[in-house]
Amino acid sequence: MEKLNNSTAWQYSNEAGKFRRKYIFELSQIMKFICFAALLCCQRVEATPYTHDRESVNIILFIGDGMSLAQWQTGMIMSDDSLHIERMSTVGIVQTNPLTDFNGDAPSHGTAIATGVCTRKGAVGIDAEGKPLKTLMDYAKENRIATGIVSANSLMEGSLAPFIAHVENRMQLEDIAKAYVDEEVDVFIGGGIQYFTNRKDGKDFIPELSRKGYQITRSKEELQHVNGNKLAGFIGASAECNTSQGSGVSLPFYVQTAINLLSRNDRGFLLLIDDVHIDRASHAKNTKQIGAETIYFDKAIGVALEFAKKEKNTLVIAVGGPEASGMVLVGGNIQNQVVEAEWVKTGMIHTGTMVPIFSDGFGAERFQGIMKNTDLFFRLKEVMLSPNTKNF
């Protein structure tokens, strides 16, 4: 057999090294998933039958657009303190696949959670044939449960719209804005005031909202002085409400404001919060921004957890939306809070990977293990209507 020359030997060694590194990386990913699944099994809490001695239940549901494990872990590493999700009692994982595609999007995922129906990609509050679907907000309204929506960005975001609107696609922004007026969500805070005022049909919904008893605010400063039970809180003249400190820096304040108002209702409340900024940062492949936005989002979750600590009839849930662009953590330095990441996809593309769900408080044990996004609707409905027998 001929001896290998130095160049050939180096080439074989280099190829072997590449294969070995790829094998170790893939094996590490498999082990991570096995460890995560084992954690779910070890911490499983037995569900206990509900008692109906509670007069009301509060549900605070957070949707972090684009957030799977990589985005959450980036925030954990970059944060000076432990994240609030780390003290939530129950962890699960959720499938986000829509009816017609492998990779989901915000509207189909939001529709699944809001209605319990797996629909086509892009659909907002409708099934695959275009039929309007009954939502959690509808059930809440029927049972005199207060409702609220808070957005770190636009009120017309794809994850939020399916809870109140029934349209063919998320770009029907003026139709989605009209749904807020028609459905009379008790408290809503977010951007996109132009879709209520500067409309193609020439209508201005601000006077109508005032007639319906809403207090109208147009800035964070005005929100500090609200005193009514119904609020239309607009946080910017445009759909984009970024600040120099970070896009979601004010979200904890908005959540606290909504809780203060909604908790006045003795029948309980359903509050939905969405943050799209982590999703945008992941699509942009901006690791530092992902970390910062995740920390802001988690601080808003902390506000809800503090409320739930005092009000034992409260369930707090944080679930991801379809993962953004296939983020993978490939290196870094935990001690120095540095994260190195790569992305499988380029642009505004989502992947079909499962996303985590964290829950704490009343009924949290129902949100552990592996589940479909449609399952969330039925479990949320069960918790929300447990003290109220109508339509249950």
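Report on the accompanying structure.

Each value, and the rule that gives it
- Residues numbered from 1 in each chain as written.
- Predicted model: local features only at pLDDT ≥ 70, side-chain atom pairs only at ≥ 80, totals over all residues.
- Heavy atoms only, no water.
- Phe/Tyr/Trp six-rings, centres within 6.5 Å; stacked < 30°, edge-to-face > 60°.
- Buried < 20%, exposed > 50% of the residue type's maximum accessible area, 1.4 Å probe, protein only.
- Helix = DSSP H or I, 4+ residues; strand = E, 2+ residues; numbered from the N terminus.
- Contact = heavy atoms within 4.5 Å.
- Axes fitted to C-alpha atoms, helices over the stretch in contact; angles between N-to-C directions.
- Parallel < 35°, antiparallel > 145°, perpendicular 65-115°, else oblique.
- Nonpolar A, V, L, I, M, F, W, Y, C, P; charged D, E, K, R; others polar.
- Salt bridge = Lys/Arg side-chain N within 4 Å of Asp/Glu carboxyl O.
- Pairing = 2+ DSSP bridges.

1. A few points about the packing of aromatic side chains
- For the structure on display, the rule yields 13 aromatic pairs.
- When the ring of Tyr 180 is compared with that of Phe 188, the centres are 5.0 Å apart and the planes differ by 50°; the resulting orientation is tilted.
- According to the relative accessible area criterion, Phe 188 is buried, its value standing at 0%.
- With a centroid separation of 4.9 Å and an interplanar angle of 80°, the aromatic rings of Phe 377 and Phe 378 are classed as edge-to-face.
- The partly exposed category is assigned to Phe 378, whose relative accessible area is 49%.
- Taken together, the ring pairs in this structure connect Tyr 180, Phe 188, Phe 196, Tyr 214 and Phe 234 into an aromatic cluster.

2. Focus on the environment of Ile 77
- Tracing the backbone shows Ile 77 in helix H2 (residues 69–78).
- C-alpha of Ile 77 to C-alpha of Gln 337: the two residues are 260 residues apart in sequence and 5.3 Å apart in space.
- Those residues in contact with Ile 77 that sit more than four places away from it in its chain are Ile 334, Gln 337, Val 338 and Val 339.

3. Some details on the packing of H2 against helix H11 (residues 287–310)
- H11 packs onto H2 with a crossing angle of 85° between their chain directions and a minimal axis gap of 8 Å. By the criterion of interaxial angle, the relationship of H2 to H11 is roughly perpendicular. Here H2 contributes Gln 71, Trp 72, Thr 74, Gly 75 and Met 78 to the contact with H11, which in turn contributes Thr 287, Lys 288, Ile 290, Gly 291, Thr 294, Ile 295, Phe 297, Asp 298 and Ile 301.
- For the contact of H2 with H11, a count of residues per class yields six nonpolar, six polar and two charged.

4. Re the pattern of salt bridges
- Scanning the entire structure with this criterion turns up 13 salt bridges.
- A salt bridge links Lys 178 to Asp 182, with the shortest nitrogen-to-oxygen separation between them at 2.7 Å. Residue Lys 178 and its partner Asp 182 are both found in helix H5 (residues 173–183); the two are separated by four residues, about one turn of the helix.
- With relative accessibility at 29%, the residue Lys 178 sits in the partly exposed group.
- Of the charged contacts in the structure, one is a salt bridge between Glu 184 and Lys 212, with a shortest N-O distance of 3.8 Å. Within this pair, whereas Glu 184 is found in the loop between H5 and strand S4 (187–191), its partner Lys 212 is found in the loop between helix H7 (206–211) and strand S5 (215–217), the two being separated by 28 residues in sequence.
- Assessed through its relative accessible area of 25%, Lys 212 is described here as partly exposed.
- Sharing partners across several salt bridges, the network here consists of Glu 184, Glu 208, Lys 212 and Lys 230.

5. Notes on H5
- The complete set of buried residues in H5 reads Leu 173, Glu 174, Ile 176, Ala 177, Ala 179, Tyr 180 and Val 181.
- In this structure, the buried residues of H5 make contact with strand S3 (146–154), S4, helix H6 (194–197) and H7.
- After H5 finishes, the residue Glu 184 shows a positive phi value of roughly 55°.

6. With respect to the sheet that holds strand S11 (residues 355–361)
- Spatial strand order, S5-S6-S4-S3-S7-S1-S8-S11-S2-S12: ten strands in an open sheet with mixed pairing. Two strands in the sheet have a free side with no partner beyond their single neighbour: S5 and strand S12 (369–372). Ignoring which end each strand starts from, the neighbouring axes of this sheet average 15° apart.
- Against the sheet, H11 makes contact with strand S1 (58–64), strand S7 (269–275), strand S8 (314–320) and S11, and its axis sits at roughly 175° relative to S1, the strand it touches most.

7. With respect to helix H3 (residues 106–115)
- Extensive coverage of H3 is indicated by the burial of ten of its ten residues.
- For H3, the secondary structure elements touched by its buried residues are S1, strand S2 (90–95), helix H4 (136–142), S8 and helix H12 (373–385).
- Immediately beyond the C-terminal end of H3, within one or two residues, lies Gly 116, with a positive phi of roughly 80°.

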